[in-house]
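Spelled out from the first residue to the last, the chains are:
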Amino acid sequence: MNRSIALMAVFIGTVLAHSWIACADYRITQPSDAEVYVPGNCKAYGRNWKNLGSPGGIFGLDNGYDYDNNGPNCRDSLPSPYSNGYSATWPMAQYSPGQNVCMAWPAKNHVAASCNNPYIPDNGLNIWISEANPTSNPTPSSLTLVKSFPKNTASNQYAGFQNCPKFCENQDKATCTGCFTVPTNLKTGSVYTFVWAWAFNGPNQIYSNCWEAAIGQVDTNNLPTQSPTSQPTQQTSQQTSQQTSQQTSQQTSQQTSQPTSQQQTSASGSDCLSQCVTVCGTRGVAVCSCTNGLNIECNKENAEAASSSSVLAISAIAMASAILF
């Protein structure tokens with residue numbers, strides 16, 4: 001009898017811990033980033049994460065941020081101005097149309113796997129968006145679906161909400177990720193509310209969180225995310241990539257044909273990323289970036305990495321610059 005009561009207590013403690021969006025712009029730069037959460041890779045957070053989340057704490061630590069509301073709704077009132085719901089340490093998202101954005105959330109024991117319960121329910125995860133420049137929280141009927149992650153119907157699928165590859169190593173706080181493509185028809189200079197909504201036991205038991213994102217030309221710390229676990233779903237983003245890839249290749253070829261000093265550390269305007277590729281490429285560096293849109297910085301840790309993987313990384317940056325400019 002005592003054994004049964006103890007097991008029941010453990011089960012209740014498990015099912016009461018539900019999930020939430022912990023990062024609204026998670027940069028997956030290598031496969032391991034999707035397996036174990038890297039705090040420094042998070043560039044944007046949910047609304048009022050600075051107050052209700054776990055700033056500086058442990059990823060997946062229960063903090064009261066989960067919100068069971070039977071619909072894709074926001075827990076807190078819309079901040080006015082929008083920036084009031086964020087801080088310099090826990091910033092608001094800044095997206096560009098067509099950008100591939102990845103998110104991160106903790107598993108909280110809710111993955112159907114052979115190491116756990118193979119019948120853990122999952123009724124799908126949806127990402128919604130409001131109209132431009134909302135003045136109050138959006139109603140469910142006013143939201144537009146951005147991305148739908150299908151529900152898991154069998155164990156060990158590790159997809160959708162249950163895309164948590166290291167779940168069996170830490171069932172409570174395992175890192176889960178998912179990505180979506182920012183709609184290309186969003187108005188530059190506008191702010192939108194996004195909603196992360198996960199259906200647990202049934203389609204109407206929804207846990208959701210909201211966050212705001214400014215739309216426009218993003219800074220150099222907000223380049224389009226490249227994710228090994230998810231693919232962009234909007235055809236318009238794929239078409240844009242195909243149309244600009246040839247032009248980018250020609251521009252890069254013209255730029256690299258000109259003499260470039262290895263001491264060059266600055267560029268101007270929208271040419272910064274292209275110059276970045278040129279400068280860092282001559283140094284055999286795999287990763288480069290533009291600080292404040294002007295100053296070029298090459299990743300010194302990879303200064304001797306002139307392998308084929310470096311070439312692929314530089315090509316990926318060239319593709320990102322084509323999408324941005």
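Values in this document were obtained by computation on a predicted structure and should not be read as measured data.

Caption draft 1: Spatial organisation of the overall build of the chain. If you tally the helices and strands in the chain, you get five helices and nine strands. Secondary structure elements of the chain occur, N-terminal to C-terminal, as α-α-β-β-β-β-β-β-β-α-α-β-β-α. Taken over 325 residues, the chain has a buried fraction of 46%. The long-range fraction of contacts in the chain, counting pairs at least 24 apart against all pairs at least 6 apart in sequence, stands at 70%. Of the roughly 15700 Å² of accessible surface on the chain, 50% is carried by carbon and sulfur atoms.

Caption draft 2: How the structure looks around the packing of aromatic side chains. Scanning all chains against the criterion turns up 15 aromatic pairs. Between Trp49 and Tyr65, the ring centres sit 5.0 Å apart and the planes meet at 90°, which makes this aromatic pair edge-to-face. Of this pair, Trp49 sits in helix α2 (residues 49-52) while Tyr65 is found in the loop between α2 and β1 (93-95), placing the two residues 16 residues apart along the sequence. Accessibility classification places Trp49 together with Tyr65 in one group, the buried group.

Caption draft 3: Broad picture of unusual backbone geometry. Residues Ser80 and Pro81 are joined by a peptide bond in cis, for which omega reads -5°. Looking at the element boundaries, Pro81 is found in the loop between α2 and β1. For Lys108, which is not glycine, the phi dihedral falls at a positive 50°. Relative to the helices and strands, Lys108 resides in the loop between β2 (100-106) and β3 (125-129). Given a relative accessible area of 0%, Lys108 falls into the buried group. Despite not being glycine, Asn156 has its phi angle at roughly 60°, a positive value. Topologically, Asn156 is positioned in the loop between β4 (144-149) and β5 (175-181).

Caption draft 4: Expanded view of the state of the cysteines. According to the stated counting rule, one finds five disulfides in the structure shown. Paired through a disulfide, Cys23 and Cys42 show a sulfur-sulfur distance of 2.1 Å. On the sign convention where negative means left-handed, the S-S torsion of about 110° between Cys23 and Cys42 marks this disulfide as right-handed. Linking Cys23 in the loop between α1 (2-15) and α2 with Cys42 in the loop between α1 and α2, this pair joins segments that are 19 residues apart in sequence. The exposure classification of Cys23 matches that of Cys42, with both residues buried. The disulfide partner of Cys74 is Cys210, and the S-S distance across this bridge is 2.0 Å. Taking the torsion about the S-S bond as the criterion, the Cys74 to Cys210 disulfide, at about -95°, is left-handed.

Caption draft 5: Spotlight on the environment of Ala34. Tracing the sequence through the fold places Ala34 in the loop between α1 and α2. Exposure remark for Ala34: the relative accessible area of 2% places this residue in the buried category. Between the C-alpha atoms of Ala34 and Thr175, which are 141 residues apart in sequence, the distance is 6.9 Å.

The rules we used
Residues numbered from 1 in each chain as written. Predicted model: local features only at pLDDT ≥ 70, side-chain atom pairs only at ≥ 80, totals over all residues. Heavy atoms only, no water. Helix = DSSP H or I, 4+ residues; strand = E, 2+ residues; numbered from the N terminus. Buried < 20%, exposed > 50% of the residue type's maximum accessible area, 1.4 Å probe, protein only. Contact = heavy atoms within 4.5 Å. Areas by Shrake-Rupley, 256 points an atom, 1.4 Å probe, with all protein chains shown as cover. Phe/Tyr/Trp six-rings, centres within 6.5 Å; stacked < 30°, edge-to-face > 60°. Disulfide = S-S within 2.5 Å.

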